[in-house]
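# Descriptive analysis of the structure
The lines below spell out each chain.
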Amino acid sequence: IALVFVLQWSQAVLIPVVIGILLAYALEPFVSGLTRARVPRAFGAGIVLICFVGLLGLGGYSLSGQALQIVRQIPEAAQKIRERVRARDRDPGAFGEVQKAATELQKTAEVAAQEPDAARDPRDRAAPVQRVQVVEPAFDARSYLYWGGLNLLTAAGQFAVILFLVYFFLVTGDLYKRKLVKIAGPALWQKKLTVQILDEINTQIASFIRVQLLTSFIVAVATALALWFLGVNQFIVWGLLAGILNSIPYLGPIVVSGGLALVAFMQFDDIGRALTVAGAAFVITSLEGFLLTPALMSRAARMNPVAIFVGLLFFGWIWGIWGAVLAVPMLMMIKAICDHIEDLQPLGELLGE
């Protein structure tokens, strides 16, 4: 209980640290290559980080046109939704008839529950009670945009903090590994065990990042090509979103498929084509999840689906969307530690495939 409380209370610090560690793992091969070329590590880390931020900025700038087109389509999509709602009100169908029947039954129950005035004692009669109806405020899009702008500023500040953390992790290299080995204990077996655990974590996380980047790239390209073939507008942006959300196990493909179904329905106004687009995206992510990823991951890094799903629920409950994104690499770290400590090996067995 204390651990869960600490994880929730300190998420503003722990989440940037975990993200910084993962980015440092992803960028470490480039820094090591510059170091072998006799470039000082501090300069090499700065060059790699600048190139990384530059690529992100270039990608965002090149896709900004399509993103603006999506934003311009929002009013038209909202108008279509309003037309659908009005058409449903004119022809309520089975669901509307059920609602109408429930309303009439509610009115009948209220009338039956009221005692007739004639049956009351005149001395018990009181002034009529005035009904008060609470009206909820309508949806205010401007307030959502205002708070969304503030959230963007907060995200920009957190991104700057993460970049500083990544730079410091890249500059220090294996400094903390040497320090952990030094403070592990006086016995030689304690130092060897610490080295084995750290090497296992390094291997598994590096393998996970490589596989995740490769599979996300494949999913993004395949989804973009499928959407282009099916005639969906802004297919590059939606393919990129599919590749990014592919990093969230189970939930990511569902969100992508549902979102693309809505987008296709708004564009084509055809349920059949919308289901076709959603089905294509779901088939791509399913093939990647069931065939490609297991073939690329080492057996030591594999975990059973139940453990991944429970970990996804747990870290998502603690850290929200970032917990869902970071659940798998954190479970890999936990499994690597449990596999090398005798008292924790049962937990590692539960997490393993």
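Residues numbered from 1 in each chain as written. Predicted model: local features only at pLDDT ≥ 70, side-chain atom pairs only at ≥ 80, totals over all residues. Heavy atoms only, no water.

## Details of the side chain of Ser 216
With respect to the helices, strands and loops of the structure, Ser 216 is situated in helix α7 (residues 188-230). Of the residues examined, Ser 216 reaches a relative accessible area of 14% and is grouped as buried. Within the local environment of Ser 216, its side chain forms a polar contact with the backbone oxygen of Gly 243, the two atoms lying 3.2 Å apart. Ignoring any residue separated from it by four or fewer positions in sequence, one finds Ser 216 in contact with Gly 243 and Asn 246. (Helix = DSSP H or I, 4+ residues; strand = E, 2+ residues; numbered from the N terminus. Buried < 20%, exposed > 50% of the residue type's maximum accessible area, 1.4 Å probe, protein only. Polar contact = N/O pair within 3.5 Å; in protein donor to acceptor, adjacent residues only side chain to side chain. Contact = heavy atoms within 4.5 Å.)

## Some thoughts on the packing of α7 against helix α12 (residues 321-340)
Each pair of packed helices can be summarised by the angle the axes make with each other and by the distance between the axes. It is the contact of α7 with α12, at a shortest axis distance of 9 Å, that shows an interaxial angle of 150 degrees. When the axes of α7 and α12 are compared, the pair comes out roughly antiparallel. Where α7 crosses over α12, the handedness of that crossing is right-handed. Where α7 approaches α12, its residues Leu 193, Gln 196, Ile 197, Glu 200, Ile 201, Gln 204, Ile 205 and Phe 208 are matched on the opposing element by Val 328, Pro 329, Met 332, Met 333, Ala 336, Ile 337 and His 340. (Axes fitted to C-alpha atoms, helices over the stretch in contact; angles between N-to-C directions. Parallel < 35°, antiparallel > 145°, perpendicular 65-115°, else oblique. Left-handed = near helix turned anticlockwise from the far one by under 90°.)

## Describing the side chain of Ser 32
Its place among the elements puts Ser 32 in helix α2 (residues 11-36). Here the side chain of Ser 32 touches Glu 28 through a polar contact of 2.7 Å, side chain to side chain.

## Quick look at the pattern of salt bridges
For the coordinates displayed, the defined rule picks out two salt bridges. A salt bridge links Glu 28 to Arg 41; the shortest N-O distance between them is 2.8 Å. Here Arg 41 lies in helix α3 (residues 41-90) and Glu 28 lies in helix α2, a separation of 13 residues in the sequence. For Arg 41, a relative accessible area of 22% gives the class partly exposed. Two residues, Asp 339 and Lys 335, come together in a salt bridge whose shortest N-O distance is 3.0 Å. (Salt bridge = Lys/Arg side-chain N within 4 Å of Asp/Glu carboxyl O.)

## Observations regarding the packing of aromatic side chains
Taken as a whole and assessed by the stated rule, the structure comprises five aromatic pairs. Considering the side-chain rings of Phe 315 and Trp 319, the 6.3 Å spacing of their centres and the 50 degrees angle between planes classify their relative orientation as tilted. You can see Phe 315 and its partner Trp 319 sitting in helix α11 (residues 305-319), four residues apart, about one turn around the helix. Trp 319 matches Phe 315 in its accessibility class, with the two residues each being buried. Following the ring pairs from residue to residue traces out a cluster consisting of Phe 314, Phe 315, Trp 317 and Trp 319. (Phe/Tyr/Trp six-rings, centres within 6.5 Å; stacked < 30°, edge-to-face > 60°.)

## Some details on the nonpolar core
In terms of nonpolar packing, the biggest core is built from 37 residues, with Leu 170, Trp 319 and Leu 326 touching the most fellow members. Listed by contribution, the elements that provide at least two residues to this core are α2, α3, α5 (141-172), α7, α11 and α12. The leading source of residues in this core is α12, at eight residues. Setting aside residues up to four positions removed in sequence, Leu 326 forms contacts with Ile 15, Val 18, Ile 19, Leu 22 and Trp 319. (Core = buried A, V, L, I, M, F, W, Y, C linked by side-chain atoms within 4.5 Å.)

## Structural notes on a nonpolar patch on the surface
Taken together, the side chains of Leu 214, Phe 217, Ile 218, Val 221, Leu 225, Trp 228 and Phe 229 present a nonpolar region at the surface, about 760 Å² in accessible area. The residue Leu 225 is located in helix α7 in this model. (Patch = residues over 30% accessible without salt bridge, like charges linked within 9 Å, V, L, I, M, F, W, Y side chains within 5 Å. Areas by Shrake-Rupley, 256 points an atom, 1.4 Å probe, with all protein chains shown as cover.)

## Section: unusual backbone geometry
Even without glycine at this site, Arg 38 takes up a positive phi of about 70 degrees. One can find Arg 38 in the loop between α2 and α3. Phi is positive for Gln 234, which is not a glycine, with a value near 55 degrees.

## Digging into α2
Here α2 is 26 residues long and its end C-alpha atoms lie 36 Å apart, about the 38 Å a rise of 1.5 Å per residue gives. Within α2, the axis deviates most sharply at Leu 27, by approximately 45 degrees, and proline Pro 29 lies no more than four positions further along. Among the residues making up α2, those that are buried are Ile 15, Pro 16, Val 18, Ile 19, Gly 20, Leu 22, Ala 24, Leu 27, Val 31 and Ser 32. (Expected span 1.5 Å × (residues − 1). Bend = angle between axes of the 7 residues up to and from the residue.)

## Concerning the confidence of the model for the protein chain
Looking at the protein chain as a whole, its pLDDT mean stands at 77, while 73% of the residues score no less than 70. When mean pLDDT is taken per element in the protein chain, helix α1 (residues 2-9) scores highest with 88 and helix α4 (residues 93-113) scores lowest with 66. (pLDDT = per-residue confidence, 0-100.)

## Considering the environment of Ala 324
Relative to the helices and strands, Ala 324 resides in helix α12. For Ala 324, a relative accessible area of 7% puts it in the buried group. Residues Ala 324 and Gly 311, spaced 13 residues apart in sequence, show a C-alpha to C-alpha distance of 8.4 Å.

## So, the environment of Ala 45
Tracing the chain through its elements places Ala 45 in helix α3. Sequence-distant contacts of Ala 45, defined by excluding residues within four places in its chain, comprise Val 31, Tyr 167, Leu 170 and Val 171.

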